[in-house]
Amino acid sequence: MTDGIKLHESWRTPLASQFAAPHMQALKRFLQAEKAAGKRIFPKGSEYFRALDLTPVDKVKVVILGQDPYHGEGQAHGLCFSVKPGVRTPPSLVNIYKEMETDLGIARARHGFLDHWAKQGVLLLNSVLTVEMGRAASHQGKGWELFTDAVIRLVAQKEEPVVFMLWGAYAQRKAAFVDQDRHLVIKSAHPSPLSAHNGFLGSRPFSRANAFLEAHGRGAIDWALPDLD
């Protein structure tokens, strides 16, 4: 499964047993069959592991968990909540920006491209890393969840303290094993328009994360997104 994929070297050895595991081999066969049947899969193959490519395991400071990639044309590029330049900012990300503005006074970005966060150590990880165009949750239960569980465990075992932002019940269940005595676990409602007013807005996750990181000598995240050229 590692042939030809883009993945930072720091993840390859600790995840080698995952890539060799039966569930990942079955997932590879499933994806090959879907493509052979003419189905369009998002994101493109070189971006399946983009979150792990941009954020080396030893540099992870913050983990934000999503569920599935966006299933619309041209949106997904391997980072949860993020969209490619030129694509309209999705509603959940709009609410994330609203909370950032309230929390840190950062003006809302005019785009939804979150590479700037990933390159600073924010692991923007979906639970499921692929989806069929126009069919939300179509690749759930195919093996990705076991793989991303292993990624989260790897981060949770790090000596350095990490911030886990768990937005919504799904993310909170997935990372329920994280040691809250060692890491900062921030739980709230999901930023979706359906739930953001039930505890996401006003939760101040960004200032809380930065205060924790600075207190542990890890350095704050610059959450302000630069304009795109």
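Predicted model, so just to flag it, every value in this text is computed and none were measured.

### Things to note about the packing of aromatic side chains
And step 1. Scanning all chains against the criterion turns up 13 aromatic pairs.
And step 2. With a centroid separation of 6.2 Å and an interplanar angle of 85°, the aromatic rings of Y48 and W144 are classed as edge-to-face. Separated by 96 residues along the polypeptide, Y48 in the loop between β1 (41–42) and α4 (50–54) and W144 in helix α7 (residues 144–156) bring together distant segments of the chain.
And step 3. Residue W144 is classed as buried on the basis of its relative accessible area of 0%.
And step 4. By way of ring pairs, the aromatic residues F81, W117, W167, F200, F206 and W223 are connected into one cluster.
And step 5. When the ring centre of F177 is taken as reference, the NZ or CZ atom of R153 above it lies at 4.6 Å.

### Some details on the layout of surface pockets
And step 1. Of the voids in this model, the largest pocket is the one considered here, and its volume is about 470 Å³.
And step 2. Surrounding the largest pocket, 27 residues form its lining, Q67, D68, Y70, F81 and H190 being those nearest its centre.
And step 3. Contributing elements (two or more residues each) for the lining of the largest pocket: β2 (62–66), α5 (91–104) and α8 (169–174).
And step 4. A per-element tally of the lining of the largest pocket places α8 first, with three residues.
And step 5. The class makeup of the residues in the lining of the largest pocket is 15 nonpolar, eleven polar and one charged.

### Thoughts on the pattern of salt bridges
And step 1. In total, this model carries ten salt bridges according to the counting rule given.
And step 2. Ionic pairing is found between E9 and R12, a salt bridge with its closest N-O pair at 3.2 Å. Of this pair, E9 and R12 both sit in helix α1 (residues 9–12), three residues apart, roughly one helical turn.
And step 3. For K158, the salt bridge identified is with E160, shortest N-O distance 3.4 Å.
And step 4. According to the relative accessible area criterion, K158 is buried, its value standing at 9%.
And step 5. Given the relative accessible area of 34%, E160 is considered partly exposed.

### Quick look at helix α3 (residues 22–36)
Helical geometry: 3.6 residues make up each α-helical turn, so side chains three or four residues apart lie on a common side.
And step 1. Over its 15 residues, α3 runs 21 Å from end to end, which matches the ideal 21 Å to within 8%, given 1.5 Å per residue.
And step 2. Residues of α3 that are buried include every one of H23, M24, L27, F30, L31 and E34, and no others. Around the axis of α3, the buried residues are gathered within 115° of arc, so they sit on the same side. Along α3, exposed side chains directed more than 90 degrees from the buried face belong to P22, R29 and A36.
And step 3. Here the buried face of α3 lies against α2 (16–20), β1, β4 (131–132) and α7.

### Describing the UniProt feature "active site" (unreviewed entry) in the chain
And step 1. This chain's UniProt record puts "active site" (unreviewed entry) on D68.
And step 2. Inspection of the secondary structure assignment puts D68 in the loop between β2 and α5.
And step 3. Excluding anything up to four places from it in sequence, D68 contacts N126, V128, A137 and Q140.
And step 4. Among the polar contacts listed, one links the side chain of D68 to the side chain of Q140, at a separation of 2.8 Å.

### So, empty space enclosed by the protein
Over the atoms rolls a probe the size of a water molecule, and its path tells where empty space is left.
And step 1. Enumeration over the complete set of coordinates arrives at one cavity of 30 Å³ or more.
And step 2. By volume, the largest cavity amounts to about 60 Å³.
And step 3. In this structure, the largest cavity is lined by P43, Y48, F49, A51, P69, G78, L124, L125, N126 and L129.
And step 4. Broken down by element, the residue count for the lining of the largest cavity peaks at three residues, all from strand β3 (residues 122–126).
And step 5. A per-class count over the lining of the largest cavity returns eight nonpolar, two polar and no charged.

Calculation criteria
- The numbering scheme is per chain: residues are counted from 1 as the chain's sequence reads.
- Reporting of local features is limited, given that this is a predicted model, to residues whose pLDDT is at least 70; pairs of side-chain atoms are given and counted only at 80 or more, and all residues count toward the totals for whole chains, interfaces and linings.
- In computing side-chain properties, one takes all heavy atoms of the structure into account and sets aside hydrogens as well as water.
- Only the six-membered ring of Trp is used, alongside the rings of Phe and Tyr, when aromatic pairs are assigned; centres must lie within 6.5 Å, and planes under 30 degrees apart are stacked while those over 60 apart are edge-to-face, with the rest tilted.
- Note on conventions: DSSP H or I runs of at least 4 residues are helices, E runs of at least 2 residues are strands, and numbering of each starts at the N terminus.
- Partly exposed residues are those whose accessible area sits between 20% and 50% of the maximum for their type, while under 20% is buried and over 50% is exposed, using a 1.4 Å probe and protein chains only.
- In our convention, an over-ring charge means Lys NZ or Arg CZ found within 6 Å of a ring centre and within 35 degrees of that ring's normal.
- Definitions used throughout: a 1 Å grid over protein atoms alone; a cavity as a set of points that fits a 1.4 Å probe which cannot get out; a pocket as an open set with protein on both sides within 12 Å along at least five of seven lines; a lining residue as one with an atom within 4 Å of a point.
- Grid points are joined across faces, edges and corners, and a volume is the space filled by probe spheres set on the points.
- Three residue categories are used. Nonpolar comprises Ala, Val, Leu, Ile, Met, Phe, Trp, Tyr, Cys and Pro, charged comprises Asp, Glu, Lys and Arg, and polar comprises the others, including Gly.
- For this document, the term salt bridge refers to a Lys or Arg side-chain nitrogen within 4 Å of an Asp or Glu carboxyl oxygen.
- By this rule the span expected of a helix is its residue count minus one, scaled by 1.5 Å.
- In this description, one arc is meant: the one made by directions from the helix axis to the C-beta atoms.
- Working rule for contacts: check all heavy atoms of both residues, and any pair within 4.5 Å makes them a contact.
- UniProt positions are given in the numbering used here, feature names are shortened, and annotations may be inferred rather than shown by experiment.
- Polar contact is the term for a pair of N or O atoms within 3.5 Å; when the atoms are in protein, one must be able to donate a hydrogen and the other to accept it, and sequence-neighboring residues count only if both atoms are side-chain atoms.

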